[in-house]
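A structural walkthrough
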Amino acid sequence: MDFTVQKKSNIISQIEKNFFKQNIPNINVGDSVKIGLIIQEGNKERTQISDGVIISKNNAHLNTTITVRKVLQNIGVEKVYLIHSPRIISIEVTRKSKVRRAKLYYLRQRSGKATRLKQKFI
Amino acid sequence: MVQMRTVLRVADNSGAKTVRCINILRRRRQRPSGNVGSELVVSVTANDRSVKTKKVRKGEVHRALVVRAKNEPLRRDGGFVRTGDTAAILLNADGTAPVATRIRGPVSAALDRKRYLKVLSLARVSLFSTAAAHTPKPRAGLAHAETPGPEPARPAFAGRHRGVWRRYH
């Protein structure tokens, strides 16, 4: 890696490009996704799949995060994932929705049928 | 962030509905407020009418463990888990065992496994099972551009972790 005098952003890009994942599917806000995570139980590695609706996506190159919301036992749970993390081994989009917002925070105040999103057929 | 006078919901069937934090145990300067996994001293502020035989009543002082929080601290893999409410379960006077027999709602997996194994096993759902400093083996699916090199060796801390924000995994 060449660390002669350069722009800070170029140096960061050089380091980050080693960790980028190339084949992440096209995910948008409003999609229902299933995310496969690697977790360790004792000495074994296991894949745990959690699903939910993407309510926000924050684009920041390597640190791009998505917030996935799901209601578990009447409690709304939001998980923020860094999609280029090595802990995430699969992202599968199960349903695309037509939303007219970049962030779906309004879903936090809604429950049940009011949280339904219009499906987008491609 | 749980501090004195914070009202928390009770996530078990002990008979209390809400509790108010009076004190946070094992509080340090680096971590002045409580969050998931903190043990608190609480007073019961409301009874849960749906529980017939109550183990605790309004006005009593008990210990509690925070199991869900609206703002959980950053996890080691860089992510967050947020829940819709801040909830606690009541513990006995030693803080070793829960008072109730059932736990309602999900429980954070960031709880200390050794201390609170009983709590984690009573909960039907736990959020984000842990894999602390575990670097997964490189996989075929979503491959990286190149395999990342080994993690750089971190210098060992000789003294106390001053100002280091404790992270949960």
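Structure: above.
Okay, so let's go over this structure. Computed from a predicted model, the values in this text were never measured in an experiment.

What about the overall build of chain B?
Along its length, chain B carries one helix and eight strands. When its helices and strands are written in sequence order, chain B yields β-β-β-β-β-β-β-α-β. In chain B, which comprises 169 residues, the proportion classed as buried is 44%. Taking as baseline every contact in chain B between residues at least 6 positions apart, the subset at least 24 positions apart corresponds to 55%. Accessible surface computed for chain B: about 9,800 Å², of which carbon and sulfur atoms make up 51%.

Remarks on the sheet that holds strand 4 (residues 75-82) of chain A
Within a sheet, each strand pairs with its neighbour through backbone hydrogen bonds, oriented either parallel or antiparallel. Pairing is antiparallel across the open sheet formed by six strands, whose spatial order is 5(A)-1(A)-2(A)-3(A)-4(A)-5(B). Edge strands, defined here as strands with exactly one partner in the open sheet, are strand 5 (88-95) of chain A together with strand 5 (80-83) of chain B. With strand direction ignored, the average angle separating the axes of adjacent strands in the sheet is 35°. Summarising the sheet, strand 1 (residues 32-41) of chain A and strand 5 of chain A pair through six bridges and their orientation is antiparallel. The partner of Gly36 of chain A across the bridge, within strand 5 of chain A, is Ser90 of chain A.

Focus: the side chain of Glu39 of chain B
Residue and element names in this part refer to chain B. Summarising the element assignment, Glu39 is placed in strand 3 (residues 39-47). For Glu39, a relative accessible area of 2% gives the class buried. Ignoring any residue separated from it by four or fewer positions in sequence, one finds Glu39 in contact with Ile24, Leu25, Arg26, Arg63, Ala64, Leu91, Gly95, Arg115 and Tyr116.

Some points on the pairing of strand 1 of chain A
Most of strand 1 of chain A sits inside the fold, with seven of its ten residues counted as buried. Connecting the antiparallel pair strand 1 of chain A and strand 2 (residues 44-58) of chain A is a turn made up of two residues, with Gly42 of chain A showing a positive phi of about 70°.

Thoughts on the environment of Arg124 of chain B
Structurally, the position occupied by Arg124 of chain B is in the loop between helix 1 (117-122) and strand 8 (126-127). For the pair Arg124 of chain B and Arg104 of chain B, spaced 20 residues apart in the sequence, the C-alpha separation amounts to 7.9 Å.

Some points on empty space enclosed by the protein
Considering all chains together, one arrives at two cavities of 30 Å³ or more under this definition. What the largest cavity holds in volume is close to 50 Å³. Lining of the largest cavity is provided by ten residues; of these, Tyr81, Leu82, Ser85 and Ile88 of chain A together with Asp77 of chain B occupy positions nearest its centre. Per-element accounting of the lining of the largest cavity gives the leading share, three residues, to strand 4 of chain A.

Thoughts on unusual backbone geometry
All names here are of chain A. Residue His61 is not a glycine yet carries a positive backbone phi of 55°. With respect to the helices and strands, His61 occurs in the loop between strand 2 and strand 3 (65-72). Note on His61: relative accessible area 61%, which makes it exposed.

Quick word on the pattern of salt bridges
Under the criterion given, the structure shown has eleven salt bridges over all chains. Ionic pairing is found between Glu78 of chain A and Arg108 of chain A, a salt bridge with its closest N-O pair at 2.6 Å. Of the two residues, Glu78 of chain A sits in strand 4 while Arg108 of chain A sits in the segment after strand 5, which places them 30 residues apart along the sequence. Overall, Arg108 of chain A belongs to the partly exposed group, its relative accessible area being 37%. One connected set of salt bridges, linked through shared partners, spans Arg69, Glu78 and Arg108 of chain A together with Arg82 of chain B.

Brief notes about the sheet that holds strand 4 (residues 61-68) of chain B
Residues and elements named next belong to chain B. Strand order in this closed barrel of five strands is 1-2-3-4-6, and the pairing throughout is mixed. With direction set aside, neighbouring strand axes in the sheet form an average angle of 55°. Relative to strand 4, strand 3 is paired through five bridges, and the arrangement is antiparallel. Across the sheet, the residue bridging to Glu39 is Leu65, located in strand 4.

Focus on the nonpolar core
All names here are of chain B. Formed by 16 residues in total, the largest nonpolar core has its most connected members in Leu65, Val67, Ile89, Val107, Leu111 and Val119. Sort the elements by how many residues they give to this core and strand 6 (residues 87-91) lands first, with three residues. Judged by nonpolar contacts, the second largest core, of 15 residues, contains Val2, Cys21, Leu40 and Ala88.

Observations regarding the environment of Ile24 of chain B
All names here are of chain B. Position of Ile24 among the secondary structure elements: in strand 2 (residues 16-24). The buried category is assigned to Ile24, whose relative accessible area is 8%. Not counting residues within four places of it along the chain, the set of residues in contact with Ile24 comprises Val2, Gln3, Pro32, Ser33, Gly34, Ser38, Glu39 and Leu40.

Parameters and conventions
- Residues numbered from 1 in each chain as written.
- Chains lettered and ligands numbered in written order.
- Predicted model: local features only at pLDDT ≥ 70, side-chain atom pairs only at ≥ 80, totals over all residues.
- Heavy atoms only, no water.
- Helix = DSSP H or I, 4+ residues; strand = E, 2+ residues; numbered from the N terminus.
- Buried < 20%, exposed > 50% of the residue type's maximum accessible area, 1.4 Å probe, protein only.
- Contact = heavy atoms within 4.5 Å.
- Areas by Shrake-Rupley, 256 points an atom, 1.4 Å probe, with all protein chains shown as cover.
- Pairing = 2+ DSSP bridges.
- Axes fitted to C-alpha atoms, helices over the stretch in contact; angles between N-to-C directions.
- 1 Å grid on protein atoms, 1.4 Å probe; cavity = no way out; pocket = protein on both sides within 12 Å on 5 of 7 lines; lining within 4 Å.
- Points joined across faces, edges and corners; volume = space filled by probe spheres on them.
- Salt bridge = Lys/Arg side-chain N within 4 Å of Asp/Glu carboxyl O.
- Core = buried A, V, L, I, M, F, W, Y, C linked by side-chain atoms within 4.5 Å.

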